Amino acid sequence: MAAPSPAKRPEPAIASKDMANAIRALAMDAVQKAKSGHPGMPMGMADVATVLFTQFLKYDPAQPDWPDRDRFILSAGHGSMLLYALLHLTGYPGMSMEEIRNFRQLGSMTPGHPELGHTPGVETTTGPLGQGIGNAVGMALGERLMNAQFGDALVDHTTYVIASDGCLMEGISHEAASLAGHLRLGKLIVLYDDNEISIDGPTSLALSDDALRRFGAYGWATQRIDGHDPAAIATALETARGEDRPSLIACRTVIGYGAPNLAGTAKSHGAALGEAEIEGTRESLNWPHAAFEIPGEVLSAWRAAGARGAFASESWTGRLGAIDPAKRADFEARIAGRLPEGWGDKLAAFKQEILAVKPGDATRVSSQKTLEVLNACIPALIGGSADLTGSNNTKTGGLDPIGPSEFAGRYIYYGVREHAMAAAMNGLALHGGLIPYGGTFLVFSDYCRPSIRLAALMRQRAIYVFTHDSIGLGEDGPTHQPVEHLAALRAIPNLRVFRPADAIETAECWELALRSESAPSVLALTRQGLPLARTDCSENYSALGAYILAPAPRAREVTLIATGSEVQIALDAQKRLDEAGIAAAVVSMPCWKLFEDQTPHYREEVLGPGSLRIAIEAGVQLGWERWIGSEGAFIGMSGFGASAPIKDLYPHFGITAEAVVDAVKMRL
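> Is there a simple way to think about the overall build of the protein in this case?
Along the backbone of the protein there are 27 helices and 19 strands. The globule rule puts the C-alpha radius of gyration for 668 residues at 26 Å, and the 28 Å found for the protein is close to it. Each principal axis of the C-alpha atoms in the protein carries an extent, and together these give about 90 × 55 × 45 Å. By residue count, 62% of the 668 residues in the protein fall in the buried class. Long-range pairs, those at least 24 residues apart, make up 78% of the contacts in the protein between residues at least 6 apart in sequence. Looking at the protein as shown, the accessible area adds up to about 24100 Å², and 51% of this sits on carbon and sulfur atoms. Of note, the protein has its 58 positive side-chain charges centred 2 Å away from the centre of its 75 negative side-chain charges.

The structure is reproduced here in structure tokens:
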């Protein structure tokens, strides 16, 4: 049974301008009470939002997480009162007038910028400009991917975005829009608030782009309209919904619309209007109501608009109940983020094969072999790479590419667009039913960092495959050799950074990343081959964050702590120290965060009370002080790398077993 084709909803009985003025009033009143916020954009885009929410958007406030709802993304997150006003007016649970009054106050459901999980009806955390566009590209792609697997009856919705001049200035918008145009994501519609004002003043101070020509060159359909003309807005949205490619609708608006003195100026952008200006705005808009007061007939019209979605959601629930039970169970499990039964057993069998074969693969190759197993049994996994597929080893057999209007595959060629890749991965994860992973070099994680931070903030299961993780990549030199990147990524709260030492740890870290439903993960992987360090796989020791890989042969005097490729250096140093009569244990520490989560007793046991601690990692020392203490030593990088073969680089920078032994002898 196919889903009914979406149709334009009937216009509300109350005049659109009166409904839009309710948004304007709530925005200016809430910002004024908070003495903080951005009233101008909500006041300027109120007409556009009113037409969208009353005539086009498919949503049901009583079921905020209904899987086939349209997605609405406020990329211009500074204008959050636009969204909060809409959520209150349409009747989302908990969005009372008291929450509007408490705008930007501690503990309220109306924070300064929209936050996922904090407020019902907020689809993604926005505020850093342009991120919402990148997320929306991922959501629109996610809709098409799930549609290809489950059909129109269960998955058939549109992603709408309100974006600002600033969103379009940010570089991420270029990357994301280019990718969306290439893929011909026809169910993506961006409403551009073309108000020609930024914080500094007129956008002409810094901007002379023709947005329509630019997006047209990306392959988007484009329109320009008067953003205060409800009929023009409705016609443009109707036209955009008929396109087979993404659409940009440039809505010429007046920022701070209705304010007698500040409308059309930067002064209405990011500060309260002031009591006198608000009174003048009420008169200008013919809105003779007190602060936070919405006339009954206007609120009733808004609530009726919100209630219209109940029929669509109920119809969808009926279609879900009517399909084959096995398909329904699969869909429900996918949306809930549950992994299929049996995948853990297949991964365990694969680890036994590793122990039998004892490969000496680079961990990027070990990752690919692990993915061969995982991709075959977890259909939710969607892979990709930013033009480094052959280097990141992210593509496996059976993953067909996703292309323009071709969405049956499971592999995305993102092109050289690391930032858009990471933002789109967030959108894929947010959409539901999909687990994205994407690859690039670790050094280029800097290009992904803003989106990674938001994934951690939003508690999304996105997995970043960052290869070529140290000076071990060799001849490409310091521009490509990451030294500070592990420390920088470890600094992000709620981000799990894994640096496995061999094929077994790589498989374990993949398992942990997949089981991490409320945190993103980084896998930092080597270019160079590594011998197998582990001799058993009875337990996932990587889940402990750090563990004793090789116990001391006698009473422990020294603890050698290493990650990734440097674990082999630690094992070599252990042997040399033993020959010198010094007993050392080797600790592999694939994930600091998981080790931090262990009990103090376990951490002390692993680190060795009273022992000299030496850390070994081909990165900077920042953060290692916590584990080695004031008496310990760090063997690693103190500056940038160099262009040379790997065999020359490690001795040149003093990251060797000999250096470890010398550091121990100097301190004992």
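Back to the text.
> Explain the sheet that holds strand β16 (residues 558–562) to me, please; I cannot follow it from the model alone.
Two modes of strand pairing occur in sheets, parallel and antiparallel, and in both the strands are linked by backbone hydrogen bonds. Here we have 5 strands laid out as an open sheet, ordered β15-β17-β16-β18-β19, and mixed in their pairing. Edge positions in the sheet fall to β15 (547–550) and β19 (633–635), since each of these pairs with one other strand and no more. Going across the sheet, the axis of each strand differs from the next one's by a mean of 30°, ignoring polarity. Pairing between β15 and strand β17 (residues 584–588): 3 bridges, direction antiparallel. Among the inter-strand pairings, A550 is bridged to a residue of β17, identified as V586.

> How do you make sense of the pattern of salt bridges when you look at a structure like this?
Two side chains with opposite charge may pair up if their charged atoms get near one another. Per the stated rule, a full pass over the model turns up 28 salt bridges. A salt bridge links R282 to E279, with the nearest nitrogen and oxygen atoms 3.5 Å apart. Residue R282 and its partner E279 are located together in helix α11 (residues 275–285), separated by 3 residues, close to a single helical turn. Accessibility expressed as a relative area gives 48% for E279, which makes it partly exposed.

> How do you make sense of helix α4 (residues 80–90) when you look at a structure like this?
Working note: α-helix, 3.6 residues per turn, so residues spaced by three or four point in the same direction. Most of α4 is tucked away, with 11 of its 11 residues classed as buried. Of all the residues in α4, the buried ones are S80, M81, L82, L83, Y84, A85, L86, L87, H88, L89 and T90. Where α4 terminates, the next one or two residues include G91, which has phi positive at roughly 95°.

> I keep staring at the sheet that holds strand β9 (residues 401–402) and nothing clicks. Help me out?
Overall, parallel pairing links the 7 strands, which are arranged β9-β10-β8-β11-β12-β14-β13 in an open sheet. Two strands bound the open sheet, and with one partner strand each, they are β9 and β13 (496–498). Sheet topology note: the strand β8 (residues 381–385)/strand β10 (residues 411–413) ladder contains 3 bridges and is parallel. When the bridges of β10 are listed, G384 appears paired with I412.

> In this structure, what is going on with helix α12 (residues 296–307)? I would like to understand it.
Between its first and last C-alpha atoms α12 spans 16 Å; for 12 residues at 1.5 Å apiece the expected length is 16 Å, and the two agree. The inward-facing, buried residues of α12 abut α1 (16–34), α3 (46–56), α4 and α13 (309–322).

> Whenever I open this one, the pairing of β16 confuses me. Can you help?
Successive side chains on a regular strand alternate, one facing one side of the sheet and the next facing the other. A large share of β16 lies buried, amounting to 5 of its 5 residues. On β16, burial covers both faces: V558, L560 and A562 on one face and T559 and I561 on the other are all buried. Inspection of the sheet shows β16 paired to β17 by 5 bridges, in the parallel sense. Residue pairing across strands places I561 opposite V587, the latter belonging to β17.

> Would you mind showing me how to read the environment of G474 here?
Topologically, G474 is positioned in the loop between β12 (463–467) and α20 (485–490). Spatially, the C-alpha atom of G474 lies 32 Å from that of A519, the residues being 45 residues apart in sequence. The residues touching G474, leaving out its near neighbours within four places in the chain, are Q481, A642, S643, A644, I646 and L649.

> Explain the side chain of E277 here, please?
Locating E277 in the fold gives a position in helix α11. Within the buried set, E277 has no salt-bridge partner at all; the shortest N-O distance to an opposite charge, 10.0 Å, is to K267. A polar atom in the side chain of E277 sits 2.7 Å from the backbone nitrogen of N261. With residues near it in sequence (within four places) discarded, E277 still touches A259, P260, N261 and L262.

> I would appreciate a short explanation of the packing of helix α22 (residues 566–579) against helix α27 (residues 657–667) in the present structure.
When two helices pack together, you describe them by how their axes are tilted relative to each other and by the distance separating the axes. Closest axis-to-axis distance for the α22/α27 pair is 8 Å, and the angle between their directions is 55°. Classified by the angle their axes make, α22 and α27 are oblique. When you trace α22 past α27, the crossing you get is right-handed. Taken together, the residues of α27 that come into contact with α22 (itself represented by I569, D572, A573, R576 and L577) are A657, E658, V660, V661 and V664.

> Mind showing me how you'd approach the state of the cysteines here?
Covalent bonding between the sulfur atoms of two cysteines defines a disulfide. Using the criterion set out here, one finds 0 disulfides in the structure. C448 forms no disulfide, and the closest cysteine sulfur to it belongs to C591, at a distance of 19 Å. Judged by relative accessible area, C448 falls into the buried class, the value being 0%. C591 provides the cysteine sulfur closest to C509, a residue in no disulfide bond, and the two sulfurs are 7.3 Å apart.

> What should I look at first to understand unusual backbone geometry in this one?
Negative phi is the rule for most residues except glycine; trans is the rule for most peptide bonds. Even without being glycine, S405 reaches a positive phi, approximately 60°. One can find S405 in the loop between β9 and β10. On the basis of relative accessibility, which here comes to 41%, the residue S405 falls in the partly exposed class. In this structure, H468 takes a positive phi of about 55° despite not being glycine. Tracing the backbone through its elements, the reader meets H468 in the loop between β12 and α20.

> What's the story with the packing of aromatic side chains in this structure? I'm lost.
To describe a pair of aromatic rings, you give the distance between the ring centres and the angle between the ring planes. With the rule as written, the count across this model stands at 19 aromatic pairs. Geometrically, the ring pair formed by F150 and F331 is edge-to-face, given 5.2 Å between the ring centres and 80° between the ring planes. Highlighted residues: F150 in helix α6 (residues 131–150) and F331 in helix α14 (residues 325–336), separated in sequence by 181 residues. The exposure class of F150 is buried, given its relative accessible area of 4%. The class for F331 is buried, based on a relative accessible area of 2%. Linked through ring pairs, W592, F595, Y602, W624, W627 and F634 together constitute an aromatic cluster. Above the plane of the ring of Y411 lies K395, whose end atom (NZ or CZ) is 5.9 Å from the centre. A cation over a ring is seen here: R490 above W592, with NZ or CZ 4.1 Å from the ring centre.

Basis of the calculations
Along each chain, numbering runs from 1 in the same order as the chain's sequence is written. Only residues with pLDDT of at least 70 are given local features in this predicted model, and only at 80 or more are side-chain atom pairs given and counted; all residues enter the totals for whole chains, interfaces and linings. By convention in this description, side-chain values take in all heavy atoms of the structure and omit both hydrogens and water. Helical segments are the DSSP runs of H or I of at least four residues, strand segments are the runs of E of at least two, and each set is numbered from the N terminus. Here the globule rule is a power law, 2.2 Å times the number of residues to the power 0.38, and the radius of gyration is based on C-alpha atoms. Burial here depends on accessible area, computed with a 1.4 Å probe over protein chains only, as a share of the maximum for the residue type. Under 20% is buried, over 50% is exposed, and the range in between is partly exposed. It only takes one pair of heavy atoms within 4.5 Å for two residues to be counted as in contact. A 1.4 Å probe and the Shrake-Rupley method give the accessible areas. Residues count as covered only by the protein chains that appear here. We score Asp and Glu as negative and Lys and Arg as positive, and we do not count His or the chain ends. To locate a charge, the coordinates of NZ of Lys, CZ of Arg, CG of Asp or CD of Glu are taken. Strand pairing follows a simple DSSP-based rule, namely that at least 2 bridges must link the two strands. All axes here are fitted lines through C-alpha atoms, helices being fitted over the stretch that makes contact, and every angle between N-to-C directions spans 0 to 180 degrees. By definition here, a salt bridge exists when the distance from a side-chain nitrogen of Lys or Arg to a carboxyl oxygen of Asp or Glu is within 4 Å. Expected helix span is taken as 1.5 Å per residue step, with the number of steps being one fewer than the number of residues. Any pair of N or O atoms that falls within 3.5 Å is considered a polar contact. Within protein, one atom must be able to donate a hydrogen and the other to accept it, and sequence-neighbouring residues count only if both atoms are side-chain atoms. Angles are sorted into four bins: roughly parallel if under 35 degrees, roughly antiparallel if over 145, roughly perpendicular if 65 to 115, and oblique for all others. In this scheme the handedness of a crossing depends on how the near helix is turned from the far one: anticlockwise by less than a right angle means left-handed, clockwise means right-handed. Two cysteine sulfurs form what is called a disulfide whenever their separation falls within 2.5 Å. Aromatic rings from Phe, Tyr and Trp, with only the six-membered ring used for Trp, were paired whenever their centres fell within 6.5 Å, and each pair was classed as stacked if the ring planes differed by under 30 degrees, edge-to-face if by over 60, and tilted otherwise. Lysine NZ or arginine CZ positioned within 6 Å of the ring centre and within 35 degrees of the ring normal marks a charge as sitting over the ring.

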